[in-house]
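A closer look at the structure
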Amino acid sequence: QVQLVESGGGLVQPGGSLRLSCAASGFTFSSYTMNWYRQAPGKERELVAAITSTGSVTNYADSVKGRFTISRDNAGNTVYLQMNSLKPEDTAVYYCNAWVLIGMSVDGYWGQGTQVTVSS
C-alpha cells in the first residue's frame, strides 16, 4: 500500500531553517510528481511546492519562492523541502502528497503531516 511519512518539523525562530523529509513506499516513486502542501489553522490546504518525477522541473507558491527548495532522491524514495528564512506565516502542518495510479484510478495519497511552528 502507498505510504508517505513526513519528518523534520519543529519549532524554529523567525529567520531560521528547517528541512522536511517524506519517505515514500508502495509505489514506483521515481515515476511520479511529488508535492508539499501546508495547512494553517483556519485556512485551506495550499500547495507549497512540486517536483516532477526526474526532478527536472520544480514549482513554488509565490509566498515561498526564493526561500524554499524542493528536491528528491529517487534512489532513496524520499522527497525533501528545505525551508530557509522562515516567517511566522509559514506556521502550518506540512503534508507530503502524490497522485498515484493504482489499477485504473488515480488517487491522492497524503502523509500524516508534520507541524512547523515559526515563533520567537
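Structure first, text after, so check above.
Analysis parameters
Residues numbered from 1 in each chain as written. Predicted model: local features only at pLDDT ≥ 70, side-chain atom pairs only at ≥ 80, totals over all residues. Heavy atoms only, no water. Helix = DSSP H or I, 4+ residues; strand = E, 2+ residues; numbered from the N terminus. Rg over C-alpha atoms; globule rule 2.2 N^0.38 Å. Pairing = 2+ DSSP bridges. Axes fitted to C-alpha atoms, helices over the stretch in contact; angles between N-to-C directions. Buried < 20%, exposed > 50% of the residue type's maximum accessible area, 1.4 Å probe, protein only. Contact = heavy atoms within 4.5 Å. Core = buried A, V, L, I, M, F, W, Y, C linked by side-chain atoms within 4.5 Å. Disulfide = S-S within 2.5 Å.

1. Description of the overall build of the protein chain
Assigned secondary structure in the protein chain consists of zero helices and eleven strands. Secondary structure elements of the protein chain, listed N to C terminal, follow the sequence β-β-β-β-β-β-β-β-β-β-β. Relative to the compact-globule value of 14 Å for 120 residues, the protein chain shows a C-alpha radius of gyration of 14 Å, a close match. Judged by the C-alpha coordinates and their principal axes, the protein chain covers about 45 × 30 × 25 Å.

2. Some details on the sheet that holds strand β3 (residues 18-25)
Here four strands make up an open sheet; going across it, the order is β1-β3-β8-β7 and the pairing antiparallel. Sheet topology places β1 (3-7) and β7 (68-73) at the edges, where each strand pairs with a single neighbour. On average, adjacent strands in this sheet sit at an angle of 15° to one another, irrespective of strand direction. Across six bridges, β3 lies against strand β8 (residues 78-83) in antiparallel orientation. By the bridge assignment for β8, A23 is matched with T78.

3. Some thoughts on the pairing of β7
Burial along β7 is one-sided: F68, I70 and R72 are buried, while T69, S71 and D73, pointing the other way, are not. Here β7 pairs with β8 via six bridges, running antiparallel. The partner of R72 across the bridge, within β8, is V79. Hairpin connection from β7 to β8: four residues lie between these consecutive antiparallel strands, with N77 at a positive phi of about 55°.

4. Focus: the side chain of R67
Considering the arrangement of structural elements, one finds R67 in the loop between β6 (58-60) and β7. Residue R67 is classed as buried on the basis of its relative accessible area of 10%. Among residues more than four places away in sequence, those in contact with R67 are Q82, M83, N84, S85, L86, K87 and D90.

5. Details of the nonpolar core
Within the largest apolar cluster, 31 residues are counted, with the highest numbers of intra-cluster contacts made by F27, M34, W36, V79, L81, M83 and Y94. Mapped by element, the contributors of at least two residues to this core are β3, β4 (34-39), β5 (46-51), β7, β8, β9 (92-102) and β11 (114-118). For this core, the element with the most residues is β9, which contributes five residues. Apart from residues lying up to four places away in sequence, Y94 is in contact with E6, L20, W36, Y37, R38, V48, F68, L81, M83, G113, T114 and V116.

6. Brief notes about the state of the cysteines
Using the criterion set out here, one finds one disulfide in the structure. Paired by a disulfide, C22 and C96 hold their sulfur atoms 2.1 Å apart. Every disulfide takes its handedness from the sign of the S-S torsion; for C22 and C96 that torsion is -80°, giving left-handed. Placement of the pair is C22 in strand β3 and C96 in strand β9, with a sequence separation of 74 residues. Comparing C22 with C96, the two get one shared label, buried.

7. Some remarks on the pairing of strand β10 (residues 105-110)
As defined by bridge partners, β9 adjoins β10 across six bridges and the pair is classed as antiparallel. Among the inter-strand pairings, A98 is bridged to a residue of β10, identified as Y109. From the end of β9 to the start of β10, which pair antiparallel, there are two residues, and G103 there has a positive phi angle of about 65°.

Remember that the coordinates give geometry; whether it matters functionally is a separate question.
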